[in-house]
Amino acid sequence: MPLHIDTLFLLIDFLGVFVGALGGALSAVRETRYKYDLVGVTGLAFASALGGGITRDLILQKGPPLAFVDVRYLMAALAGAAVGLVFASRVGRSTERVIVFIDAAALGLFAVAGSTRALEAGLHRLPAFLLGGVTAVGGGCVRDVLSERTPKIFERGELYAIAAGFSAAMFLLCDWLHFSREISTTVGALCGFSLRLLALRFHWRTRPVRRET
Amino acid sequence: MPLHIDTLFLLIDFLGVFVGALGGALSAVRETRYKYDLVGVTGLAFASALGGGITRDLILQKGPPLAFVDVRYLMAALAGAAVGLVFASRVGRSTERVIVFIDAAALGLFAVAGSTRALEAGLHRLPAFLLGGVTAVGGGCVRDVLSERTPKIFERGELYAIAAGFSAAMFLLCDWLHFSREISTTVGALCGFSLRLLALRFHWRTRPVRRET
Amino acid sequence: MPLHIDTLFLLIDFLGVFVGALGGALSAVRETRYKYDLVGVTGLAFASALGGGITRDLILQKGPPLAFVDVRYLMAALAGAAVGLVFASRVGRSTERVIVFIDAAALGLFAVAGSTRALEAGLHRLPAFLLGGVTAVGGGCVRDVLSERTPKIFERGELYAIAAGFSAAMFLLCDWLHFSREISTTVGALCGFSLRLLALRFHWRTRPVRRET
């Protein structure tokens, strides 16, 4: 049932953009160093949600980024930003968990989507791996730089970028073993998703390269 | 007289780049946290003046950015940087007002120019609206990030980004109503220009999303 | 012997990427404000090594950046990042000098490579000059922004960006005088290389535009 799976992937893609925008809006509203206005919250929500995909498409140079061509991505980002703005003060711990859960699903799928598009553009597997990671973590990085901080994924944390890389790597491995695109995508996306959830659950964290002195 | 109007638009475009570079150079010279050298002032002037248009052209993917193809844009930016460097200590309040005035005119026109190019590239109205805003405020954002601060347009202020969005929206409305390109451009540019000047005059400011506690 | 010279240029190009990544990894490991993990060190190493060339290729819009097409660039960056990670604590003053030396060679060659590609893409000399500089200093700027600081080349220093600009300018002058590509490249690269080494040796520094008060 490839149609069903494609529809599911597209749905997770939009959900990922929605959740990315929601997370961006929430972190902008809660930022304590700055007093962001409506433009700031919306801008950071859009950067979080679409920054990774736009970076991917700028690198692949196959025409304007998908987010500017398929209006549904902007709609999803706008909806996420609006929900974040309106419900910021009412987002409790259980809602946070749902956000983290969907974000983990989107992380795996964005990584696989980035690698897929890279292969389709004729790139080798190593750049396709890198581009998968960039697609998954790029939005957060753009948001962090716009919020005047070093990207969180560069610091100690619960395997965010590593889960993205794991998704891309497993997808590329399946592709190399000539599995169908549906199976490769599912395996790849699930691997990163699971690793990220396990890391969050069991507090698996990367170690800082520089030790305490 | 479409020719006259086109010439006028081009003139405001160059003036906008000149004033953008001048403003970037002035803020770099006056920056108190860093000691920028000649390279820093020129770099920040260029980023302010050309960052928005370059971002727009990177997204549209219709060949190298206009600023790298039409040498007059680099010339205008260079002239703005040079004037900013030489006259930084002699810029008084009345000159500042002229700069703010021309900057407001450029804000409206840059927004319309961004939306126009987006429509010409076959994008829908919603992405064209977004790209108009990005074109108008992108240069300032790039400069702010390079100066190690969060974009000023994200914080409380006198409707800078909102005036740019208003310009793009009104232009797209006129275009949708099948007005001629000249009329749509004029109406769009004037709307953002007027809103920005009114906001400055009457201190209309956006509200921060996060309230004082 | 154009073949020999081309091979030599390519070798310096890869060495430059390797050294760029090595320098990026070392500065990430030594960063005191943050505790970068493996992802952070690798990310900053890649940004330092490849940021300039990627920016150049995004602007020229001739297909995906070279770093994503020719896998050897990623390999060189990966090797530099790995060496930086493993040997960070054992890099002494003499190794630092070798790094600075190779970095100066790469600075000149990257500037010339950027200008060459700009001319090949049909750009004028002034944008080609600018793009040469951007190629040479872009990686460091991207790294600085990702490390939450203003680009070092914008502040007082030993003629880093000016050496890059000198390389690009001398190359474009030779090209304008109809010298062969090999001679123009050699002269251009050597000029910036020498100027940078002389500036380091004799402590030639730019002056801050803003004086002490």
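Rules used throughout
All residue numbers here refer to positions counted from 1 along the written sequence of the relevant chain. Key to labels: chains lettered from A, ligands numbered from 1, both in the order written. Given that this is a predicted model, residues contribute local features only at a pLDDT of at least 70 and side-chain atom pairs are listed and counted only at 80 or more, while totals for whole chains, interfaces and linings are drawn from all residues. Every angle, taken between N-to-C directions, lies between 0 and 180 degrees, and every axis is a line fitted to C-alpha atoms, over only the stretch in contact when it is a helix. A helix here means a DSSP run of H or I that spans at least four residues, while a strand means a run of E at least two residues long, and both kinds are numbered starting from the N terminus. Angles are sorted into four bins: roughly parallel if under 35 degrees, roughly antiparallel if over 145, roughly perpendicular if 65 to 115, and oblique for all others. Left-handed is the label given to a crossing in which the near helix is rotated counterclockwise from the far helix by less than a right angle, and right-handed is the label when the rotation is clockwise. Note on contacts: each residue gets a C-beta atom placed from the backbone, and two residues are in contact if those atoms are within 7 Å. Polar here means any residue other than Ala, Val, Leu, Ile, Met, Phe, Trp, Tyr, Cys and Pro, which are nonpolar, and Asp, Glu, Lys and Arg, which are charged; Gly is therefore polar. To line up the copies, we fit them by least squares on C-alpha atoms, keeping just the residues with pLDDT of at least 70 in both. A residue's pLDDT is the predictor's confidence in that residue, given on a scale from 0 to 100.

J.: Just to check I follow, could you spell out the packing of helix α5 (residues 93–120) of chain C against helix α6 (residues 125–146) of chain C for this structure?
T.: Helix-helix packing is described using two parameters, namely the angle between the two axes and the distance between the axes. All names here are of chain C. At their nearest, the axes of α5 and α6 sit 7 Å apart, and the two run at 140° to each other. The orientation of α5 relative to α6 falls into the category oblique. In this structure, α5 meets α6 at a crossing whose hand is right-handed. Contact residues: Leu107, Phe110, Ala111, Val112, Ala113, Gly114, Ser115, Ala118 and Leu119 in α5; Pro127, Ala128, Phe129, Leu131, Gly132, Gly133, Val134, Thr135 and Ala136 in α6. Classifying every residue of the contact of α5 with α6 by side-chain character gives 13 nonpolar, five polar and no charged.

J.: Can you walk me through the relation of the copies chain B and chain A in this structure?
T.: Between the two copies of this chain, the relationship is a rotation about some axis together with a displacement along it. Under the fitted operation, chain B is carried onto chain A by 0.0 Å of movement along the axis and a turn of 120°, and the coordinates agree to an RMSD of 0.0 Å. Here the copies are linked by what is in effect a three-fold axis. The position closest to the rotation axis in chain B is occupied by the C-alpha of Glu148 of chain B, lying 3.7 Å away. In this assembly, only 15% of the residues forming the interface of chain B have copies in chain A that are likewise at the interface, indicating a heterologous arrangement.

J.: What should I look at first to understand the confidence of the model for chain A in this one?
T.: Any residue range with low pLDDT should be treated as having predicted coordinates unsuitable for detailed reading. Summarising the model, chain A shows a mean pLDDT of 90, and 97% of its residues fall at 70 or more. Here helix α1 (residues 2–30) of chain A stands out as the least confident element of chain A, with mean pLDDT 84; helix α7 (residues 160–176) of chain A is the most confident, with 96.

J.: What am I meant to see in the relation of the copies chain A and chain C here?
T.: Least-squares fitting of chain A to chain C yields an RMSD of 0.0 Å, with the transformation described by 0.0 Å of translation along the axis and a rotation of 120°. Of the interface residues in chain A, just 15% have counterparts in chain C that sit at the interface too, so the contact is made through distinct surfaces.

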